[in-house]
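Listed below, chain by chain, are the residues.
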Amino acid sequence: MTAVTRSFSALAERIAALEGDSWLVHRLAVEKRRRGEDVIVLSLGEPDFPAPQTVVDAAVTSLRAGRTWYAPARGLAGILDAIARSASARAGREIDPGRVVFFPGSQAALFATVLCVADEGDEVILPEPAYATYPGVLAAAGAVWKPVSLRPEDGFHPRVEEIAAAVTPRTRAILVDSPHNPTGAVLSADELGALCALCSERGLWLVADEVYASLTYGCDHVSVLSLAGADELAVSLGSLSKSHAMTGFRAGWAIAPPGLAERLERLLESMLFGSPPFVQDAGVAALGDEQVAAGLRATYERRARLLCASLAGVPGVAARLPEGGMFVIVDVRGSGLDGDAFALRLLEEENVAVTPTDGFGPSAAGHVRISLGVDDELLAEAARRIERLAGRLEAAGQPSGGPSSAASR
């Protein structure tokens, strides 16, 4: 019998062709842990706290009440109103619930947004280093990633004039995240305002991933929704995953101009229809308890300072105190190794898993990202193991010329 060759879609081939493997170290660490090895896993942005009991209780109560039926594609009125109230408080102005669309996580919200604003061959400006899943989202839409460097010497803040210079007739959107993953940089009001003005002038969408909005340290988060002139061009993406330790609930949203919100709803009808009512009820409970987010913020800030202080003076590494988020980015160029090699050596020799950020874009080459999602004791132990590896590299004669290891912004 003659073999029949079956082809894949262009979308599937674009995804398959993506280069790099940003999660290799994490997968190896999970396998080592499965074998019973003492691995400290700092390679994933997973909170080490359970979801708040009030949230769990709300979900259980909803389930027992039989709220397991189909829900409207956009979301139930209760969750849309709760999201709008929370966004209004953050933006300092009233946000209409009619602009809110509920999604199973902000990743799905981003995916749908890109599909609705960019066609195949269109460009999306995405500063790099960029969170590892973003290129895949753009590739799925057939959009072209137009990178603009975020430099370590600028604290990984954007140079807006360089973003403006990257705009071409094929550009459709600018995608930013603040606080930024993996660097922890938080966009200022001036930076975000300049991006909004650029998008207004050039007819572009401004898509802002704000999932870490509640986790800022020593500076205020500025929501894109607070900007004058943003109502017709800006999209704010959010979730409860990090602010309330609810990663498994898959509770996220997009807040968009009315025309785009309507199209996002139509797309949801085509692929999901609606999220489970009991998940939405749990989300309402979470958004009604801001003390949870405040407690997590204090914990992550303490851990960030602890880690940076523990790594101060360690040869060949330089930890940067984040402005927000739940990661510390560490420059390891002074060790003589690139980020991939350093992370693999650290896992093999010291059983600590961190994420090399070389695959997040060339501007992050020579850095690793360390999650703050473990308790203080484990984080301190991880720092000691990093110091042991750095000491061996120095003793072996690896060059140590890179930046100072003093914690800095």
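Values in this document were obtained by computation on a predicted structure and should not be read as measured data.

Analysis parameters
- Residues numbered from 1 in each chain as written.
- Predicted model: local features only at pLDDT ≥ 70, side-chain atom pairs only at ≥ 80, totals over all residues.
- Heavy atoms only, no water.
- Helix = DSSP H or I, 4+ residues; strand = E, 2+ residues; numbered from the N terminus.
- Rg over C-alpha atoms; globule rule 2.2 N^0.38 Å.
- Buried < 20%, exposed > 50% of the residue type's maximum accessible area, 1.4 Å probe, protein only.
- Contact = heavy atoms within 4.5 Å.
- Areas by Shrake-Rupley, 256 points an atom, 1.4 Å probe, with all protein chains shown as cover.
- Pairing = 2+ DSSP bridges.
- Axes fitted to C-alpha atoms, helices over the stretch in contact; angles between N-to-C directions.
- Expected span 1.5 Å × (residues − 1).
- Arc of directions from axis to C-beta.
- Polar contact = N/O pair within 3.5 Å; in protein donor to acceptor, adjacent residues only side chain to side chain.
- Parallel < 35°, antiparallel > 145°, perpendicular 65-115°, else oblique.
- Nonpolar A, V, L, I, M, F, W, Y, C, P; charged D, E, K, R; others polar.

Chemist: Quick question: what am I supposed to make of the overall build of the protein chain here?
Modeler: Across its full length, the protein chain holds 13 helices and 13 strands. For 409 residues, the compact-globule estimate of 2.2 N^0.38 gives 22 Å, and the C-alpha radius of gyration of the protein chain, at 22 Å, lies within 12% of that figure. Along the longest, intermediate and shortest principal axes, the C-alpha atoms of the protein chain span 65 × 60 × 50 Å. For the protein chain, with 409 residues in total, the buried portion stands at 55%. Partitioning the intrachain contacts of the protein chain with sequence separation of at least 6 by distance along the chain shows that 75% fall at a separation of at least 24. Of the roughly 16900 Å² of accessible surface on the protein chain, 54% is carried by carbon and sulfur atoms.

Chemist: Got a minute to help me understand the sheet that holds strand 6 (residues 205–209) in this structure?
Modeler: What links the strands of a sheet is backbone hydrogen bonding, and the strands pair in either a parallel or an antiparallel sense. Across the sheet, which stays open at both edges, the 7 strands sit in the order 2-8-7-6-5-3-4 with mixed pairing between neighbours. Two strands lie at the open edges of the sheet, namely strand 2 (100–103) and strand 4 (144–149), each paired on one side alone. Strand after strand, the sheet turns through a mean of 25 degrees between neighbouring axes, direction not considered. Two elements, strand 7 (residues 234–239) and strand 8 (residues 252–255), share 4 bridges in a ladder whose sense is antiparallel. Directly across from serine 239, in strand 8, lies its bridge partner glycine 252. Against the sheet, helix 4 (residues 77–91) touches strand 2 and strand 8, its axis set at about 115 degrees to strand 2.

Chemist: What am I meant to see in unusual backbone geometry here?
Modeler: Trans peptide bonds make up most of the peptide bonds, and negative phi angles are found at most residues other than glycine. Of note, the bond from serine 178 into proline 179 is cis; its omega dihedral lies within 30 degrees of zero at -5 degrees. Geometrically, the link from asparagine 181 to proline 182 is a cis peptide bond, its omega value of 25 degrees lying close to zero. Tracing the backbone shows proline 182 in the loop between strand 5 (171–177) and helix 8 (189–202). Even without being a glycine, arginine 250 presents a positive backbone phi close to 55 degrees. Topologically, arginine 250 is positioned in the loop between strand 7 and strand 8. Judged by its relative accessible area of 35%, arginine 250 falls in the partly exposed class. The residue phenylalanine 273 is not glycine, and still its phi comes out positive at about 75 degrees.

Chemist: Whenever I open this one, helix 12 (residues 339–350) confuses me. Can you help?
Modeler: Think of an α-helix as 3.6 residues a turn; residues three or four steps apart then line up on the same face. Compared with the 16 Å implied by 1.5 Å per residue over 12 residues, the 16 Å span of helix 12 between its first and last C-alpha is a close match. Among the residues of helix 12, those classed as buried are Gly339, Phe342, Ala343, Leu346, Leu347 and Glu350. For helix 12, the angular spread of the buried residues around the axis is 130 degrees, confining them to a single face. The inward-facing, buried residues of helix 12 abut helix 2 (24–34), strand 11 (352–353), strand 12 (355–356), strand 13 (367–371) and helix 13 (376–395). The N-cap residue of helix 12 is aspartate 338: its side-chain oxygen and the backbone nitrogen of aspartate 340 are 3.2 Å apart. The positive-phi residue at the C-terminal boundary of helix 12 is asparagine 351, with phi of around 55 degrees.

Chemist: Is there a simple way to explain the environment of valine 101 in this structure?
Modeler: Its location among the elements puts valine 101 in strand 2. Residue valine 101 is classed as buried on the basis of its relative accessible area of 0%. Between the C-alpha atoms of valine 101 and alanine 73, which are 28 residues apart in sequence, the distance is 8.3 Å.

Chemist: Mind showing me how you'd approach the pairing of strand 5 here?
Modeler: Consecutive side chains of a regular strand alternate in pointing toward one face of the sheet and then the other. By the criterion of burial, strand 5 is predominantly enclosed, with 6 of the 7 residues buried. As judged from the 3 bridges shared by strand 3 (residues 123–128) and strand 5, these two strands associate in the parallel manner. The partner of valine 124 across the bridge, within strand 5, is alanine 173. Bridge count for strand 5 against strand 6 is 5 bridges, and the pairing is parallel.

Chemist: Help me understand the packing of helix 12 against helix 13 in this model?
Modeler: A pair of packed helices is captured by two measures, namely the crossing angle of their axes and the spacing between those axes. The interhelical angle for the contact between helix 12 and helix 13, taken along N-to-C directions, is 110 degrees, at an axis separation of 10 Å. Considered as vectors, helix 12 and helix 13 are oriented roughly perpendicular to each other. Residues Phe342, Arg345, Leu346, Glu349 and Glu350 of helix 12 form the contact with helix 13, whose own contacting residues are Arg385, Ile386, Arg388, Leu389, Arg392 and Leu393. Counted by class, the contact of helix 12 with helix 13 contains 5 nonpolar, no polar and 6 charged residues.

Chemist: Help me out: how do you make sense of the sheet that holds strand 12 in this one?
Modeler: Strand order across the open sheet formed by 4 strands is 9-10-13-12, with antiparallel pairing between neighbours. In the strand order of this sheet, the two ends are held by strand 9 (318–320) and strand 12, each with one partner. Across 5 bridges, strand 10 (residues 327–331) lies against strand 13 in antiparallel orientation. Across the sheet, phenylalanine 327 pairs through a bridge with serine 371, a residue of strand 13. With respect to the sheet, helix 11 (residues 290–311) is in contact with strand 9, strand 10 and strand 13, its orientation differing from that of strand 10 by roughly 20 degrees. Running at roughly 45 degrees to strand 13, helix 12 makes contact with strand 12 and strand 13 of the sheet.

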